[in-house]
Amino acid sequence: MPKVSRDTATQGGDYGAVVDRSEEFGDYTVDFLTFREDVDHRPLLKGLPDDRCQCPHWGYVFRGELTFHYAEHDEVYHEGDAFYAPAGHVPVHTEPGSEYLQISPSDELRRTSEVIMKNFTAQGPPT
């Protein structure tokens, strides 16, 4: 049976504001995410349908707080909460130092990540 930890994950990277350690298991990707600062994903999701993440995620918050904005409401998760985020959300991390585990369908995550990285690169270095 495959397994992974934050320390053994072979994919992802350090993107300054976010550290992403991930591994693919068949059709799913496991991500260990650490946010060093507040991140609003709205500008990073431009170009996706409705400018919102279309990839569902299941996860668990180890530390801090995580907010998902939906068209008509917000969902807020805290340390110790498990969550499910269906398509159509915008993640906003409101607490520096937040850490969580996220499990997502690999194909949908890959499509979303490509748009995020394109927009991230276009933003240039922080000023």
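Residues numbered from 1 in each chain as written. Predicted model: local features only at pLDDT ≥ 70, side-chain atom pairs only at ≥ 80, totals over all residues. Heavy atoms only, no water.

The sheet built from six strands is open, its strands ordered S1-S2-S3-S10-S5-S8 with antiparallel pairing. Each having just a single partner strand, strand S1 (11-14) and strand S8 (82-85) make up the two edges of the open sheet. The sheet shows a mean angle of 15° between the axes of neighbouring strands, direction not considered. As defined by bridge partners, strand S5 (residues 57-63) adjoins strand S10 (residues 98-105) across five bridges and the pair is classed as antiparallel. Paired with tyrosine 60 across the bridge in S10 is leucine 101. Seen against the sheet, helix H1 (residues 106-123) touches strand S2 (18-25), strand S3 (28-35), S5 and S10 and runs at an angle of roughly 120° to S10. (Pairing = 2+ DSSP bridges. Helix = DSSP H or I, 4+ residues; strand = E, 2+ residues; numbered from the N terminus. Axes fitted to C-alpha atoms, helices over the stretch in contact; angles between N-to-C directions. Contact = heavy atoms within 4.5 Å.)

A word on the packing of aromatic side chains. Applying the stated criterion across every chain yields a total of seven aromatic pairs. Ring centres of phenylalanine 35 and tyrosine 100 lie 6.0 Å apart, and the angle between their planes is 5°; on these two criteria the pair is classed as stacked. Taken together, the positions of phenylalanine 35 in strand S3 and tyrosine 100 in strand S10 put the pair 65 residues apart, joining distant regions of the chain. Accessibility expressed as a relative area gives 2% for phenylalanine 35, which makes it buried. Under the relative-accessibility criterion, tyrosine 100 is labelled buried at 4%. Ring geometry for tyrosine 60 against phenylalanine 62: centres 5.4 Å apart, planes inclined by 70°, an arrangement best described as edge-to-face. Look at tyrosine 60 and you get partly exposed, because its relative accessible area is 33%. Judged by relative accessible area, which is 33%, phenylalanine 62 ranks as partly exposed. One aromatic cluster is present, formed by Phe35, Phe68, Tyr77, Phe83 and Tyr100 through successive ring pairs. (Phe/Tyr/Trp six-rings, centres within 6.5 Å; stacked < 30°, edge-to-face > 60°. Buried < 20%, exposed > 50% of the residue type's maximum accessible area, 1.4 Å probe, protein only.)

Another aspect to go through is H1. For H1, spanning 18 residues, the distance from its first C-alpha to its last is 25 Å, which sits close to the expected 26 Å at 1.5 Å a residue. Listed in full, the buried residues belonging to H1 are Ser106, Leu109, Thr112, Val115, Ile116 and Asn119. (Expected span 1.5 Å × (residues − 1).)

Even without a glycine there, the phi angle at aspartate 50 is positive, about 60°. Examined against the element boundaries, aspartate 50 turns out to sit in the loop between strand S4 (39-40) and S5. For aspartate 51, which is not a glycine, the phi torsion comes out positive at approximately 55°.

Below, the discussion takes up the pairing of S10. Most of S10 sits out of view: seven of its eight residues are buried. Where S3 and S10 come together, eight bridges link them in antiparallel fashion. Across the sheet, phenylalanine 32 pairs through a bridge with leucine 101, a residue of S10.

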